[in-house]
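# Survey of secondary and tertiary structure
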Amino acid sequence: MRVSKLYSALLIAFLTIGFVACTNTVSSTDTSDTGGLDYIPGFNPGKPDSSKVADNSSSSDAESGSESSSSDTEESSSEGEEPPETESSSSEEESSSSIDFSESEVSVEGGVAVITEEFLDTDLSVDASDLDEMLDDEDPSFEEFRSSEFSVDDFVFESYEYYCYTQSHDWLQITKEKLLETKLPILWDGSAYDARDGYFLSFEGVCESVFLYALPVP
(Lines give C-alpha, C1' and ligand atoms only; values in the text may rest on other atoms or scores of the structure.)
Protein backbone atom coordinates (compact mmCIF):
# COMPACT_ATOMS: atom_id res chain seq x y z
CA MET A 1 0.00 0.00 0.00
CA ARG A 2 2.80 2.30 0.90
CA VAL A 3 4.64 1.31 -2.25
CA SER A 4 1.62 2.23 -4.38
CA LYS A 5 1.41 5.68 -2.84
CA LEU A 6 5.12 6.19 -3.40
CA TYR A 7 4.78 5.34 -7.09
CA SER A 8 1.85 7.74 -7.40
CA ALA A 9 3.82 10.56 -5.83
CA LEU A 10 6.79 9.99 -8.15
CA LEU A 11 4.53 9.96 -11.22
CA ILE A 12 2.89 13.22 -10.20
CA ALA A 13 6.29 14.83 -9.61
CA PHE A 14 7.56 13.63 -12.98
CA LEU A 15 4.53 15.00 -14.83
CA THR A 16 4.84 18.32 -13.04
CA ILE A 17 8.54 18.70 -14.00
CA GLY A 18 7.78 17.80 -17.65
CA PHE A 19 4.96 20.32 -17.87
CA VAL A 20 7.11 23.12 -16.44
CA ALA A 21 9.97 22.33 -18.87
CA CYS A 22 7.63 22.33 -21.89
CA THR A 23 6.13 25.68 -20.83
CA ASN A 24 9.58 27.29 -20.58
CA THR A 25 10.53 26.01 -24.06
CA VAL A 26 7.43 27.52 -25.71
CA SER A 27 7.95 30.84 -23.93
CA SER A 28 11.58 31.00 -25.07
CA THR A 29 10.61 30.34 -28.71
CA ASP A 30 7.97 33.07 -28.75
CA THR A 31 10.40 35.55 -27.30
CA SER A 32 13.08 34.87 -29.93
CA ASP A 33 10.59 35.23 -32.78
CA THR A 34 9.53 38.68 -31.61
CA GLY A 35 13.03 39.98 -31.03
CA GLY A 36 12.71 39.79 -27.30
CA LEU A 37 9.58 41.99 -27.22
CA ASP A 38 6.21 40.96 -25.87
CA TYR A 39 3.75 40.13 -28.59
CA ILE A 40 1.64 43.12 -29.74
CA PRO A 41 -1.29 42.45 -32.09
CA GLY A 42 -0.72 43.93 -35.58
CA PHE A 43 3.01 44.49 -35.04
CA ASN A 44 5.53 42.49 -37.08
CA PRO A 45 9.14 43.72 -36.77
CA GLY A 46 10.11 41.84 -39.95
CA LYS A 47 7.61 43.79 -42.13
CA PRO A 48 8.26 47.46 -43.11
CA ASP A 49 5.92 50.14 -41.91
CA SER A 50 3.47 50.78 -44.78
CA SER A 51 3.01 54.41 -43.80
CA LYS A 52 6.74 55.09 -44.02
CA VAL A 53 6.96 53.31 -47.40
CA ALA A 54 4.14 55.47 -48.71
CA ASP A 55 5.85 58.63 -47.45
CA ASN A 56 9.16 57.70 -49.10
CA SER A 57 7.39 56.84 -52.38
CA SER A 58 5.51 60.15 -52.51
CA SER A 59 8.72 62.04 -51.71
CA SER A 60 10.56 60.26 -54.56
CA ASP A 61 7.71 61.00 -56.97
CA ALA A 62 7.78 64.66 -55.96
CA GLU A 63 11.52 64.90 -56.57
CA SER A 64 11.17 63.16 -59.94
CA GLY A 65 8.39 65.54 -60.97
CA SER A 66 10.48 68.51 -59.89
CA GLU A 67 13.45 67.34 -61.99
CA SER A 68 11.20 66.69 -65.01
CA SER A 69 9.65 70.14 -64.71
CA SER A 70 13.11 71.73 -64.46
CA SER A 71 14.27 69.81 -67.55
CA ASP A 72 11.17 70.86 -69.52
CA THR A 73 11.74 74.47 -68.51
CA GLU A 74 15.35 74.39 -69.68
CA GLU A 75 14.35 72.78 -73.01
CA SER A 76 11.61 75.33 -73.65
CA SER A 77 14.04 78.11 -72.76
CA SER A 78 16.66 76.78 -75.18
CA GLU A 79 14.05 76.35 -77.92
CA GLY A 80 12.89 79.92 -77.44
CA GLU A 81 16.39 81.31 -77.90
CA GLU A 82 17.13 82.82 -81.27
CA PRO A 83 20.05 81.30 -83.21
CA PRO A 84 23.24 83.34 -83.15
CA GLU A 85 23.55 85.77 -85.98
CA THR A 86 25.99 84.76 -88.69
CA GLU A 87 28.32 87.25 -90.14
CA SER A 88 27.36 88.32 -93.61
CA SER A 89 29.60 87.76 -96.57
CA SER A 90 29.17 91.47 -97.28
CA SER A 91 32.74 92.00 -96.02
CA GLU A 92 34.00 90.29 -99.18
CA GLU A 93 31.75 92.46 -101.33
CA GLU A 94 32.91 95.54 -99.49
CA SER A 95 36.54 94.62 -100.09
CA SER A 96 35.98 94.50 -103.85
CA SER A 97 33.67 97.53 -103.98
CA SER A 98 35.88 99.65 -101.75
CA ILE A 99 38.73 99.89 -104.26
CA ASP A 100 39.97 103.44 -104.39
CA PHE A 101 39.95 104.74 -107.97
CA SER A 102 40.28 108.36 -106.92
CA GLU A 103 43.82 108.65 -108.30
CA SER A 104 43.01 106.94 -111.60
CA GLU A 105 43.40 108.98 -114.78
CA VAL A 106 40.40 107.32 -116.44
CA SER A 107 36.78 106.94 -115.35
CA VAL A 108 35.52 103.65 -113.92
CA GLU A 109 31.81 102.94 -114.03
CA GLY A 110 30.12 99.66 -113.21
CA GLY A 111 33.44 97.84 -113.11
CA VAL A 112 34.48 99.13 -116.56
CA ALA A 113 37.50 101.41 -116.99
CA VAL A 114 37.24 103.54 -120.13
CA ILE A 115 40.62 103.75 -121.86
CA THR A 116 41.12 106.92 -123.86
CA GLU A 117 43.46 107.60 -126.79
CA GLU A 118 46.14 109.25 -124.70
CA PHE A 119 46.86 105.91 -123.02
CA LEU A 120 47.55 104.13 -126.31
CA ASP A 121 51.01 104.14 -127.89
CA THR A 122 51.62 105.88 -131.20
CA ASP A 123 55.07 104.27 -131.55
CA LEU A 124 54.31 100.98 -133.23
CA SER A 125 56.47 97.86 -132.99
CA VAL A 126 55.36 96.99 -136.55
CA ASP A 127 55.00 99.52 -139.37
CA ALA A 128 51.48 100.65 -140.08
CA SER A 129 51.84 99.56 -143.71
CA ASP A 130 52.75 96.05 -142.63
CA LEU A 131 49.72 95.99 -140.38
CA ASP A 132 47.54 97.06 -143.32
CA GLU A 133 49.01 94.29 -145.42
CA MET A 134 48.43 91.64 -142.76
CA LEU A 135 44.88 92.90 -142.38
CA ASP A 136 44.21 92.69 -146.13
CA ASP A 137 45.85 89.28 -146.48
CA GLU A 138 44.02 87.95 -143.45
CA ASP A 139 47.29 86.80 -141.98
CA PRO A 140 46.50 84.06 -139.41
CA SER A 141 49.06 85.55 -137.00
CA PHE A 142 47.04 88.78 -137.02
CA GLU A 143 43.71 88.03 -135.38
CA GLU A 144 40.79 90.36 -134.73
CA PHE A 145 39.04 90.30 -131.38
CA ARG A 146 35.27 90.15 -131.35
CA SER A 147 35.01 92.46 -128.34
CA SER A 148 36.55 95.77 -127.34
CA GLU A 149 36.39 94.97 -123.61
CA PHE A 150 39.17 92.99 -121.95
CA SER A 151 39.99 91.73 -118.51
CA VAL A 152 43.46 92.40 -117.18
CA ASP A 153 44.38 88.73 -117.61
CA ASP A 154 43.44 88.77 -121.29
CA PHE A 155 46.70 90.55 -122.04
CA VAL A 156 49.79 88.34 -122.42
CA PHE A 157 52.42 90.83 -123.55
CA GLU A 158 55.21 88.24 -123.44
CA SER A 159 53.72 86.36 -126.40
CA TYR A 160 51.51 88.86 -128.22
CA GLU A 161 51.25 92.47 -129.35
CA TYR A 162 47.93 94.30 -129.36
CA TYR A 163 46.88 96.89 -131.94
CA CYS A 164 43.97 99.28 -132.02
CA TYR A 165 42.48 100.04 -135.44
CA THR A 166 40.91 103.44 -134.87
CA GLN A 167 37.69 104.72 -136.31
CA SER A 168 39.77 107.02 -138.52
CA HIS A 169 41.64 103.92 -139.82
CA ASP A 170 44.87 104.64 -138.02
CA TRP A 171 46.91 102.25 -135.91
CA LEU A 172 47.69 102.58 -132.22
CA GLN A 173 49.36 100.00 -130.01
CA ILE A 174 48.12 98.78 -126.62
CA THR A 175 51.12 98.41 -124.35
CA LYS A 176 51.57 97.57 -120.69
CA GLU A 177 53.61 100.70 -120.07
CA LYS A 178 50.92 103.05 -121.43
CA LEU A 179 48.13 101.29 -119.59
CA LEU A 180 50.03 101.66 -116.30
CA GLU A 181 49.93 105.43 -116.86
CA THR A 182 46.20 105.26 -116.13
CA LYS A 183 47.10 104.53 -112.49
CA LEU A 184 44.33 101.96 -112.24
CA PRO A 185 44.94 99.99 -109.01
CA ILE A 186 43.64 96.76 -110.62
CA LEU A 187 46.53 96.62 -113.10
CA TRP A 188 49.82 94.78 -112.68
CA ASP A 189 51.51 95.44 -109.34
CA GLY A 190 48.62 97.74 -108.40
CA SER A 191 47.25 97.93 -104.85
CA ALA A 192 44.02 96.13 -105.91
CA TYR A 193 45.52 93.71 -108.43
CA ASP A 194 44.21 90.72 -106.45
CA ALA A 195 40.68 92.13 -106.82
CA ARG A 196 40.93 92.58 -110.58
CA ASP A 197 38.32 89.92 -111.34
CA GLY A 198 35.06 91.54 -112.39
CA TYR A 199 36.76 94.63 -113.82
CA PHE A 200 37.26 95.31 -117.52
CA LEU A 201 39.20 97.70 -119.75
CA SER A 202 37.11 99.18 -122.55
CA PHE A 203 38.65 100.51 -125.79
CA GLU A 204 35.32 101.04 -127.49
CA GLY A 205 35.57 104.82 -127.52
CA VAL A 206 38.82 104.74 -129.51
CA CYS A 207 39.10 101.46 -131.39
CA GLU A 208 36.91 100.20 -134.18
CA SER A 209 38.64 96.84 -133.79
CA VAL A 210 41.41 95.38 -131.65
CA PHE A 211 43.90 92.96 -133.17
CA LEU A 212 46.27 90.47 -131.63
CA TYR A 213 49.61 89.80 -133.29
CA ALA A 214 51.40 86.59 -132.33
CA LEU A 215 55.10 87.22 -131.90
CA PRO A 216 57.40 84.87 -133.83
CA VAL A 217 58.80 82.06 -131.71
CA PRO A 218 62.57 82.56 -131.31
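Structure's up top.
Remember, predicted model here, so these are calculated numbers, not experimental data.

Throughout the structure, instances matching the rule amount to one disulfide. Sulfur-sulfur distance for the disulfide between Cys-164 and Cys-207 comes to 1.9 Å. Between Cys-164 and Cys-207 the disulfide shows an S-S torsion of about -120°. By sign, it is left-handed. Note that Cys-164 is positioned in strand β5 (residues 160-166) and Cys-207 in strand β8 (residues 207-214), a separation of 43 residues in sequence. In this pair, the class of Cys-164 matches that of Cys-207, namely buried.

Turning next to the pattern of salt bridges. Tallied over the entire structure, the rule returns three salt bridges. Between Asp-153 and Arg-196 there is a salt bridge; the shortest N-O distance is 3.0 Å. Pair noted here: Asp-153 is in the loop between β4 (149-150) and β5 and Arg-196 is in the loop between α5 (176-180) and β7 (200-202), with a separation of 43 residues, a long-range link. On the basis of relative accessible area, Arg-196 is assigned to the buried category, the value being 18%.

Quick look at the sheet that holds β8 now. Read from one edge of the open sheet, four strands run β3-β8-β5-β6, paired in antiparallel fashion. Every other strand in the sheet has two partners, leaving β3 (142-144) and β6 (171-174) as the edge strands with one partner each. The mean inter-strand angle of the sheet, taken between neighbouring strand axes irrespective of direction, is 30°. Alignment of β5 against β6, held across four bridges, turns out to be antiparallel. Among the inter-strand pairings, Tyr-163 is bridged to a residue of β6, identified as Gln-173. Contacts from helix α4 (residues 128-136) reach β3, β5, β6 and β8 within the one sheet, and its direction differs from that of β6 by about 95°.

Where burial is concerned, most of β5 is hidden: six out of the seven residues are buried. For β5 and β8, the ladder comprises seven bridges, and the chain directions are antiparallel. Among the inter-strand pairings, Tyr-160 is bridged to a residue of β8, identified as Ala-214. Hairpin connection between β5 and β6: a loop of four residues separates the two successive antiparallel strands, and His-169 in this loop has a positive phi of roughly 65°.

To continue, consider the packing of aromatic side chains. Under the definition given, this model contains 15 aromatic pairs. Both rings, one in Phe-142 and one in Phe-211, keep their centres 4.8 Å apart while their planes meet at 5°; by these two values the pair is stacked. Remark: Phe-211 occurs in strand β8 and Phe-142 occurs in strand β3; sequence separation between them is 69 residues. You'll find Phe-142 and Phe-211 in the same group, each marked buried. Through pairs of rings, three or more aromatic residues link up here, namely Phe-145, Phe-150, Phe-155, Phe-157, Tyr-162, Trp-188 and Phe-203. Residue placement shows Arg-196 over the ring face of Tyr-193; its charged tip is 3.9 Å from the ring centre.

A few words now on the pairing of β8. The buried count for β8 comes to six of eight residues, which makes it a mostly enclosed element. Sheet topology note: the β3/β8 ladder contains three bridges and is antiparallel. Bridge pairing in β8 links Phe-142 to Tyr-213.

Reading guide: rules and limits
- For every chain, the first residue of its written sequence is number 1, and the numbers climb from 1 along that sequence.
- Local features in a predicted model are, by the rule used here, given only for residues with pLDDT of at least 70; side-chain atom pairs are given and counted only at 80 or more, and totals for whole chains, interfaces and linings are based on all residues.
- To get the side-chain values, all heavy atoms of the structure are used, and hydrogens and water are removed first.
- Counting rule for disulfides: a pair of cysteine sulfur atoms within 2.5 Å.
- Only DSSP runs of H or I covering at least 4 residues are called helices, and only runs of E covering at least 2 are called strands; the numbering of each starts at the N terminus.
- Relative accessibility thresholds used throughout: buried, under 20% of the residue-type maximum; exposed, over 50%; partly exposed, between the two (1.4 Å probe, protein chains only).
- The term salt bridge refers to a pairing of a side-chain nitrogen on Lys or Arg with a carboxyl oxygen on Asp or Glu at a separation within 4 Å.
- The pairing criterion for strands is at least two bridges between them, as found by DSSP.
- Between N-to-C directions, angles span 0 to 180 degrees; the directions come from axes that are lines fitted to C-alpha atoms, helices contributing only their stretch in contact.
- Contacts were defined at the residue level, with two residues in contact if any of their heavy atoms lie within 4.5 Å.
- For Phe, Tyr and Trp, where Trp contributes only its six-membered ring, two rings pair if their centres lie within 6.5 Å, and the inter-plane angle classes them as stacked under 30 degrees, edge-to-face over 60, or tilted in between.
- A ring has a charge above it when a Lys NZ or an Arg CZ is no more than 6 Å from the ring centre and no more than 35 degrees off the ring normal.

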